[in-house]
Amino acid sequence: MDSKLPCLVLVLVLIGCIECSPDNHHHNGSRSFEYCVLGAGPSGLQMGYFLSRAKRDYVILERNSGPGSFFNKYPRHRKLISINKIYTGSQNREFNMRHDWNSLLSDRADLLLKRVSREFFPPADTFPVYLSLFEKELGLRVRYGVDIGRIRAVQSPGGRSYVLTDQHASDYNCRYVLLVASGLWDPQRVEFLGSELVEGYDSISTDPEDYKDQAVLILGKGNSAFETAQSISGRAHLVHILSSNPVRLAWQTHYVGDVRAVNNDLLDTYQLKSMDGVAEIPLDKIAISQLKEQGGRRSGTKEKKGQLYLTLKFLHQEEKNSSAVTGEETPAYHIDNFAMRKPYDRVISCLGFRFNFSIFDSSACPMTSDNAKGRLPRLTAWYEGENTPGLFVLGTAAHSRDYRSSAGGFIHGFRYTVRSVHRVLEQRYHGNPWHSTKMPTTQLQSWIMKRINEASGPYQMFEVLGDVILLRGSHCEYVEEFTLQALPQFSSLSGHEVSHHGMIVLVLQYGKKKLDYLGKGRANTDWTQAWKSNFLHPVLYYYDKLPTEEEMERRPTGWPLPRPKLIHHVVEDFLTEWKTPVSHIQPLRRFLEHCVQTDLRAFYAESCFRLSLTHRKPPLFCQHGYLKRQGVPRNGHDVGPMPTEWEASGADPAYPNYLTQAGASISSGLNVDF
């Protein structure tokens with residue numbers, strides 16, 4: 001026998017194994033997948049989890065050697081400002097996610113950030129470690145070292161698809177959907193005269209000693225600007241912060257992207273007049289300049305060589321392109337007490353980041369959004385590019401949908417919008433309706449109480465995600481965390497129809513009145529005036545039919561939804577626990593009774609017996625319970641509510657204990673007029 005034959009057989013077997021491998025997606029020289037996810041950051045891995053759980057054909061492409069590479073560099077001063085609250089006093093996983101702003105969603109109770117850090121504001125270096133654990137322990141399909149440089153759309157008889165080309169000219173064909181989860185990497189820059197003299201947040205030194213006894217001007221008033229100021233203020237002799245807008249504090253605006261208290265020490269030193277300061281000038285009106293040499297010496301005196309001056313654009317001669325100026329061209333020459341008249345040793349730009357549009361060719365490039373200064377792509381309410389069907393944007397890059405109004409640009413927000421996008425994909429491409437729970441209408445109040453006191457999705461993505469309750473007469477269908485702005489397209493996106501009984505939408509929202517959130521009278525505790533609540537609280541909207549797109553566009557300013565037929569505010573609560581019988585439970589029940597046009601009270605078996613004898617149609621609770629040989633005897637050993645009323649249905653042991661405890665016998669005689 002030929003000695004080379006065994007080797008030949010082995011080679012043929014190996015080739016056969018490669019061709020038969022289920023992970024091989026080569027087709028006509030390219031790799032083909034149903035779903036391509038671009039980026040292995042938190043939103044990419046979150047989508048990977050949902051695709052993997054649904055057993056879909058997908059791949060996650062990442063240009064770096066590990067997940068979450070953004071966090072290997074940013075934030076520059078290495079402390080996250082997303083809270084990691086380890087102890088909440090509760091063992092409820094869903095509730096605890098309200099106070100865990102870093103962990104991703106999964107069915108693993110232990111796969112949380114607290115495995116790698118127990119600090120309230122974790123070190124940034126721990127986050128890639130956590131993402132690596134998430135990827136490996138869930139077995140997600142990630143290909144590292146794939147740097148996509150071009151994305152184009154192609155039209156075929158099967159429809160529109162996207163082709164991604166990497167640094168080796170290899171193609172990845174996305175047959176169904178391209179999910180862009182690449183985050184924001186490109187620093188945002190403002191061009192003005194002298195901008196070449198400005199250092200970037202992405203490249204500055206993070207060693208405070210490098211700023212010893214220097215005067216520093218920081219452009220921008222976001223967290224990166226204040227984070228930088230906080231780091232260097234102990235060494236620099238003064239730090240000034242400048243931008244077009246006043247400082248916006250997160251505790252005032254309820255927007256977590258605004259300046260957080262953990263970074264705002266400079267506001268103390270400014271207000272207490274310890275040399276630091278904050279000012280407002282439109283950045284497109286400024287120039288950064290150096291003084292010219294005049295007559296063999298500088299026009300100023302006692303100035304260090306290379307110092308930079310903040311000047312105003314209109315003071316420069318129009319025909320000049322140079323950043324060098326004379327003393328007559330500085331603001332201090334015209335206004336001797338100009339606030340920022342002294343020179344700076346350094347000017348640093350901390351203006352945030354923008355989406356990288358450059359990798360898309362004209363056939364696949366999303367349009368820029370109207371908000372966020374055009375830094376983000378323009379998307380539909382279900383996160384699909386307006387001009388790029390089949391291309392969805394996830395994570396921070398999708399923040400144009402709720403910019404400055406909710407948490408969609410941050411992990412604790414977009415982990416839920418990613419789940420919503422996945423549910424849209426399941427309905428569109430696989431015919432799987434949006435997850436819903438069917439229940440008797442008599443259990444609706446208990447389910448709503450459970451959601452408003454536990455659910456983390458509507459709590460974090462307030463005014464963006466809400467629960468839709470489809471009324472079906474004696475039964476209802478509960479659809480969780482639908483994208484509110486897509487409500488006119490509810491049926492096509494969710495796979496559920498709205499009946500003639502109508503629908504209720506549950507939203508968490510803040511009040512719209514501007515006030516001092518630390519001032520006297522900032523909170524409202526009177527349930528009869530719950531609509532005056534200022535802090536986060538549940539609001540229920542009842543519609544007798546699905547709102548139209550026109551109604552959505554014409555909704556009142558600041559409202560997440562159009563005007564409903566009925567509306568109910570659950571009064572705000574200091575503890576954000578909406579469980580009390582008089583202020584929370586009974587008003588909610590009365591509202592629901594208006595919506596469903598039936599008595600939703602719960603009764604003991606004896607009461608159902610009497611009502612069945614004296615009424616042609618006993619209450620719905622008795623129809624579902626007593627008449628089906630179920631009920632609660634009055635002479636039971638458990639301490640319960642009054643014989644005629646049970647404010648929160650406790651018949652189902654699956655519901656939390658607090659619903660039974662909130663039964664409150666005192667409420668039976670209360671007259672509530674809506």
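Under an unreviewed UniProt entry, the name given to the protein is FAD-dependent oxidoreductase domain containing 2, and the source organism is Cyclopterus lumpus.

A. Inspection of the state of the cysteines at higher detail. Under the defined criterion, the tally for this structure stands at two disulfides. The disulfide partner of cysteine 36 is cysteine 174, and the gap between their sulfur atoms is 2.4 Å. Classification of the bridge connecting cysteine 36 and cysteine 174 rests on its S-S torsion, roughly -115°, and on that basis the disulfide is left-handed. Within this pair, whereas cysteine 36 is found in strand E2 (residues 30-38), its partner cysteine 174 is found in strand E7 (residues 171-180), the two being separated by 138 residues in sequence. When sorted by exposure, cysteine 36 lands in the same class as cysteine 174, which is buried. Between the sulfur of cysteine 608 and that of cysteine 622 lies a disulfide, 2.1 Å long from S to S.

B. Structural context of the packing of aromatic side chains. Applying the stated criterion to the full structure yields 25 aromatic pairs. Between phenylalanine 70 and phenylalanine 71, the aromatic rings sit 5.5 Å apart at their centres with planes inclined by 80°, giving edge-to-face as the arrangement. Its end group placed over the ring of tryptophan 185, arginine 63 keeps NZ or CZ at 4.7 Å from the ring centre. Between arginine 563 and the ring centre of tryptophan 559, over which it is positioned, the NZ or CZ distance is 5.0 Å.

C. How the structure looks around the confidence of the model for the protein. When the pLDDT values of the protein are averaged, the result is 87; 85% of them are 70 or greater. Confidence drops under pLDDT 50 across residues 295-301; counting only partners more than four residues distant or on other chains, this segment forms nine contacts. Counting interchain partners and residues more than four positions distant, the pLDDT-below-50 stretch residues 636-674 has 71 contacts.

What counts, and at which threshold
Throughout, residues of each chain are indexed from 1 in the direction in which the sequence is written. Totals for whole chains, interfaces and linings use all residues, but because this is a predicted model, local features are given only for residues with pLDDT of at least 70 and pairs of side-chain atoms are given and counted only at 80 or more. Processing note: side-chain calculations cover all non-hydrogen atoms of the structure and skip hydrogens and water entirely. Disulfide assignment relies on a single distance test, namely cysteine sulfur atoms paired within 2.5 Å. The way it works is that DSSP assigns letters per residue, a run of H or I at least four long becomes a helix, a run of E at least two long becomes a strand, and they are numbered from the N terminus. Burial classification: accessible surface area is computed with a 1.4 Å probe over protein chains only, and a residue below 20% of its type maximum counts as buried, one above 50% as exposed, and the rest as partly exposed. Pairing of aromatic rings covers Phe, Tyr and the six-membered ring of Trp, with a centre-to-centre limit of 6.5 Å; geometry is then stacked below 30 degrees between planes, edge-to-face above 60, and tilted otherwise. Criterion for a charge above a ring: Arg CZ or Lys NZ at most 6 Å from the ring centre, at most 35 degrees from the ring normal. A score between 0 and 100, pLDDT records how confident the predictor is in each residue. The criterion used for residue contact is that any of the two residues' heavy atoms lie within 4.5 Å.

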